[in-house]
Structures are given as structure tokens and as C-alpha cells.
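Coordinate analysis (summary)
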Amino acid sequence: MNHALESLGRRGVNFVAKTGGIFFMMVKFIASLKDIPFSLRLIVEQIYLVGVRSLPLIITISIFIGAVSVWQAAYQFKFIGAPLRLLGQAVGKAVVIELAPVLSALVFAGRVGAGITAELGTMRVTEQIDALESMGISPIRYLVLPRVVASTLMLPFLVIFANFVAILGGVIVSVAGVAVSSETFLNGFRDSFNLSDFNNGLIKAAVFGFLIGIVGCYEGFNAGGGAQGVGKATTSAVVVASVLILVSNFVFALMLFRI
Amino acid sequence: MSDQLIQIEHLRKSFGGNEVLKGIDLTISRGDAIAIIGQSGCGKSVLLKHLIRLLKPDEGTVTFDGQDIATADSRWLREMRYRVGVLFQSAALFDSMSVAENVGLGLKESREYSPKQIAEKVAEKLDLVGLGSATNKYPSELSGGMRKRVGLARAIATDPEVLLYDEPTTGLDPITSDMINDLIVDLRDKLNVTSIAVTHDMVSAYKIADRIVMLYDGVVQFDGTPKDAQTTDDPIVQQFINGRAIGPIQVR
């Protein structure tokens, strides 16, 4: 019993420490924004690594997101007897509001968040971060600022692609698998399309990108204990970022999409 | 200008309930060549990291050139760090950068030098450590000894007044170790720097230092010349410098 309480207490302390640490990382990042002019080269480099290099992955998952959405919607429509001409409206809304931003963010957390933590964690345990600091270079400006700026800017950019490609995947399945013509599907999509939904999806994506970058940097900076420590930190980065994405997504739903 | 450069008073530091430094008092003067010796895990590297505020004291103070470094602002801290070069235990080279980029990074980020000046300085420092031909190599292509030498070139790139060495010869063969020791002595004589080396390699300590400080159980156990160290009747110092398993020091 005591043992269980002790372990619970330790977990509680760790949770508070981590929450505080992530918050502190955000504060330090915001304070470093004034140094953006001196870090442009590093930011551009990260934009390429984080954003452009993620494009093939995002495109691949988006085709299947659109495809499965149409298929499953058609399956449900059949049971409730809804007309298939509404397929484009239902799927279009779901993709733009939820599926493209959230699923892209989760995949982005796996690719980019984990990558940031593994890189910075290795730099931490091999004293490279200490070395930067000892040379009078702020690791926040040199490492955190470019990565967080890049992930915040690039996830919305990727979500724009994800939206297009998912709708394309949807069209393909609706024509080939459900026998709804592309005109019908796209007309439905156009009818339901709403620019503010689209924008809200991008705002969400920017916040998700920011969270992924911050959590990735925090976990990397706090990695310890060699290869095992870096592995643990990387796992933790993906888990924490994924939970934060889904929780904040619900908060967004309450705030931005009023019933 | 006072002769005292660094003053450490009652420095205490714990990690997760394990107290590593239990009240260190040490004064370092300009031009000193100090070897800090002690068992692995006795807090030598921890002490070194306090000198440039990579770690902050739990208790006590570290004063650099009259300024308490725990309360210094970031500008002062940055300028102080330009005055101090550090050679890390594993060299800590940035693996995404070439040798030349590693050595030139501090100069580049200070934004006080033109690319041409940086290239000249990098070439000069690499020549000094005998690696003038390795500029375009990457750290993964270098041997352990070469990495240490690149780390040394990087540490002296900004012409520091103080050099900190964390286990400069650990993991190197005797010949490479001796070469690194020669470099350290050379730098001390040529650049007239204050040097503080953490080591448990006594051959190296005798060669590079004119003052030996031994840490034991979180405090300074001994502070004197290499000659004093050899003749002291302190059994702890004797056991350590002669490398005997039997004695008052328990191997952890």
C-alpha cells in the first residue's frame, strides 16, 4: 500500500515537474523570438528539414485518410439510408475540420517531434549542448528557436496539402468504389465548404506544430543517461505531444466550432 | 587588476539526494596551471562545470574576476564565456558540422569577425594542434585523439584567458596522451593562459600542472605543488597518486 502511494506520489511530482518544464520552455522560446533576425539561416534550414521533408509522408497518409473516410461514410449512409450525394459534404467537413489537422499532427509528432528529441537528446548526453553554452551561444536561440518556429509554420503548410490530397483520395474512392460521380462528390464538398472551417483547421495545426516543437525540445534538453535515456525521452516526446494534441483539439472544438 | 581570477567558496552541489560537492573552497590565480585530481565520480567535472555556470551551486559562490557568476546577467555571462575555453571529456564536437565549422562556430556566432578572418583564425588554430589538413573532415571520420585536438582548437578559437580541460587524456593511447599534454603545456607557455585540468591520469597531471588539487569525499583533500603531492604523508593522497587499490580510499 505504502509502496503504491509512494509510486503515485513520485508520478505526481514528475507530472508537475514536466508540466512546469514544458511551460518554462515556452517562456524561454517566446523570450528568444527577438533573436529571429540572427537565426534566419538556421530557421530556413529547419523549415526544409521539418516541413519540406515531411511532405511525402503527409501526402501518403492523406490519400488514405480521404479514401477510408469516403468508404466508411458510405458504409454508414447505407445503414441509415442517407443519400450518397451527401458524401462529399460529410467527408469534406470531417477532413477539413478534424481529420487533416489532427492526423497530420499525430504523424508529424512521430516524425518531427521524435526527430527533434533524438537529436537534441544525443547532443545533451554527448555534452554538445554544454559545449554550445560554453562558447557563449544560447542553446535556446541556436537549437530551440529554429525548430519551434519551423514546426509552428510548417504544420499548417502541410495541412493545406493534406486537405487537397485527402479530398482527392476521397474522389477516387467515391468514383471507383461507391459509384458516386466526381461532380456529385465535389459539388457536395463545395456546398459545405466554409472558409472559416478551413482557417480554423490551420490555426489548430499551428498550435499543434508549436506544441510538438516545444515538447520535442523540452524532452531532448532533459534527456539523460546515454542511449537508453535518449530512447526514453524520444518515446515520451511522442506520447506527451500526442496527448496534448488530442486534449487541445477538444478545447478547440469547444471554442471555435460552436454548436 | 587582482591576481585572483576565480574564487570558489563553500560550494555545495547535490544531484537527487546525492551530495557530490560538500563545501569546496579554492582560489585560482592568473597564470595558474592546476590539475584537479580525484577518483571517478568524485565531482571533478561537476566542479569544472560550475566555473562557467553550466551548473549552479546549491550553496556557496563562484566568483570570476570579482563577479559572482550565479547572479551575473546573460550579457556578462556571454562575455565571460568568451574568455574561457573548454575542452570537453568526449570533445563534444558538433557532428553535423565539419572540423572547420566546429572550430569557427564561436567566432561566427559572436558576429564580430568576417568570414575571411574566421577562416584565417580557424586555419591558425588547426595548425597549432597539427590538424591543418583536416578542415573539411567530419567528426565521425576522426580518431579519438584527433577529435580531442579539434576540441582543443575550438576551445582556443576565441583566444581565451582561461582553459578548462575535462579529462584531456582519458581514453587515448599513451603517445597521443603525451601529445595532448605537450599541446596543453605549449598553449600555456605560448598563450599565457590560466589552465585548469580535471584528470585522474597522474602522468598528465605532473606534466601539465604546477599545482595539484585533490578532491576527496566532496572537499579539497590536498592543495600543493606536484612535489608536495609526492612527498606528503597524507595516506589518501599517497594511495591515489601511486594508484594502489588498498588504502583508506574505498573503491566505489
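Residues numbered from 1 in each chain as written. Chains lettered and ligands numbered in written order. Predicted model: local features only at pLDDT ≥ 70, side-chain atom pairs only at ≥ 80, totals over all residues.

1. Describing the overall build of chain A
Filter applied, for reference: A helix here means a DSSP run of H or I that spans at least four residues, while a strand means a run of E at least two residues long, and both kinds are numbered starting from the N terminus. Exposure classes come from backbone-placed C-beta atoms, where a residue is buried if 20 or more other C-beta atoms lie within 10 Å of its own, exposed if 12 or fewer do, and partly exposed in between. For every residue pair, C-beta atoms are placed from the backbone, and the pair is scored as a contact if these atoms sit within 7 Å.
Counting secondary structure elements, chain A contains nine helices and zero strands. Projecting the C-alpha coordinates of chain A onto the three principal axes gives extents of approximately 65 × 55 × 35 Å. Taken across its 259 residues, chain A has 44% of its residues classed as buried. Excluding contacts between residues fewer than 6 apart, the proportion of contacts in chain A whose partners are at least 24 apart in sequence is 88%.

2. Comments concerning the sheet that holds strand β6 (residues 84-87) of chain B
Residues and elements named next belong to chain B. Heads up, the rule is: In this scheme, strands are said to pair when DSSP sees at least two bridges between them. Note on definitions: angles span 0 to 180 degrees between N-to-C directions of axes, and those axes are lines fitted to C-alpha atoms, for helices only across the stretch in contact.
A sheet is described by the order of its strands in space; here six strands give the open sequence β6-β7-β8-β3-β9-β10, paired in mixed fashion. Among the strands making up the open sheet, the edge pair consists of β6 and β10 (219-224). When the angles between neighbouring strand axes are averaged without regard to direction, this sheet yields 15°. For strand β9 (residues 211-216) and β10, the ladder comprises five bridges, and the chain directions are antiparallel.

3. A closer look at the sheet that holds strand β4 (residues 59-64) of chain B
Residues and elements named next belong to chain B. Taken together, four strands build an open sheet; the order of strands is β2-β1-β4-β5 and the sheet is antiparallel. Where the open sheet ends on each side, the last strands, each with one partner, are β2 (18-29) and β5 (67-68). Bridge analysis of strand β1 (residues 4-15) against β2 gives nine bridges, and the strand direction is antiparallel. Along β2, the bridge assignment pairs I8 with L26.

4. What about the environment of S195 of chain B?
Residue and element names in this part refer to chain B. Structurally, S195 can be placed in strand β8 (residues 194-199). By C-beta crowding, S195 is classed as buried, having 25 other C-beta atoms within 10 Å. Placed 45 residues apart in sequence, S195 and V150 show a C-alpha to C-alpha distance of 18 Å. Sequence-distant contacts of S195, that is, excluding residues within four places in its chain, are made with A33, L163, Y165, I184 and R188.

5. Focus: the interface of chain B and chain A
Quite often, the size of an interface is put as the accessible area lost when its parts meet. Put simply, the test is: Gly is put with the polar residues, along with every residue not named as nonpolar or charged; the nonpolar set is Ala, Val, Leu, Ile, Met, Phe, Trp, Tyr, Cys and Pro, and the charged set is Asp, Glu, Lys and Arg.
Contact with chain B, which involves 14 residues of that partner, is made by ten residues of chain A. Considered class by class, the residues forming the side of chain B that touches chain A number eight nonpolar, three polar and three charged.

6. Notes on the packing of helix α4 (residues 87-125) of chain A against helix α9 (residues 226-256) of chain A
Residue and element names in this part refer to chain A. Worth spelling out the cut-off: Here the angle decides the label: under 35 degrees means roughly parallel, over 145 means roughly antiparallel, 65 to 115 means roughly perpendicular, and every other value means oblique. Left-handed is the label given to a crossing in which the near helix is rotated counterclockwise from the far helix by less than a right angle, and right-handed is the label when the rotation is clockwise.
At a closest axis distance of 8 Å, the pairing of α4 and α9 adopts a crossing angle of 150°. With respect to α9, the element α4 is oriented roughly antiparallel. Our pair here, α4 against α9, has a crossing hand that is right-handed. Along its contact with α4, which presents V102, A105, L106, A109, G110, G113, A114, T117, A118, G121, T122 and V125, the element α9 presents G226, G229, V230, A233, T234, A237, V238, A241, S242, I245 and N249.

7. Focus on the pairing of strand β3 (residues 33-37) of chain B
All names here are of chain B. The buried fraction of β3 amounts to four of the five residues, a majority that puts the element mostly inside the structure. Where β3 meets β8, five bridges bridge the pair, whose relative direction is parallel. By the bridge assignment, I34 is partnered in β8 with I196. One ladder, built from four bridges, connects β3 with β9; its direction is parallel. Counterpart to I36 in the pairing with β9 is V213.

8. So, the domain arrangement of chain B
All names here are of chain B. So the rule is basically this: Boundaries between domains were set according to an automatic or database domain assignment.
Taken as a whole, chain B is organised into domain 1 (1-83 + 162-167 + 194-252) and domain 2 (87-159). On a C-alpha basis, the centres of domain 1 and domain 2 stand 26 Å from each other. Counting from both sides, the interface comprises six residues of domain 1 and, opposite them, seven residues of domain 2. Here the side of domain 1 that touches domain 2 gets three residues from one element, more than from any other, and that element is strand β7 (residues 162-166). When its residues are assigned to classes, the side of domain 1 that touches domain 2 shows three nonpolar, one polar and two charged.

9. A short note on the environment of D191 of chain A
With respect to the secondary-structure elements, D191 of chain A resides in helix α7 (residues 182-192). On a C-alpha basis, the gap between D191 of chain A and K78 of chain A in space is 22 Å, while along the polypeptide they are 113 residues apart.

10. Describing the packing of α4 of chain A against helix α8 (residues 195-221) of chain A
Residues and elements named next belong to chain A. At their nearest, the axes of α4 and α8 sit 8 Å apart, and the two run at 20° to each other. With respect to α8, the element α4 is oriented roughly parallel. Our pair here, α4 against α8, has a crossing hand that is right-handed. Of the residues in the contact of α4 with α8, the class split is 17 nonpolar, nine polar and six charged.

11. Quick notes on unusual backbone geometry
The phi dihedral of E127 of chain A is positive, around 65°, even though this residue is not glycine. Locating E127 of chain A in the fold gives a position in the loop between α4 and α5 (128-134). With 22 C-beta atoms counted inside 10 Å, the residue E127 of chain A sits in the buried group. Despite not being glycine, R111 of chain B shows a phi value in the positive range, around 55°. Considering the arrangement of structural elements, one finds R111 of chain B in the loop between α3 (99-110) and α4 (115-128). By C-beta crowding, R111 of chain B is classed as exposed, having 7 other C-beta atoms within 10 Å.

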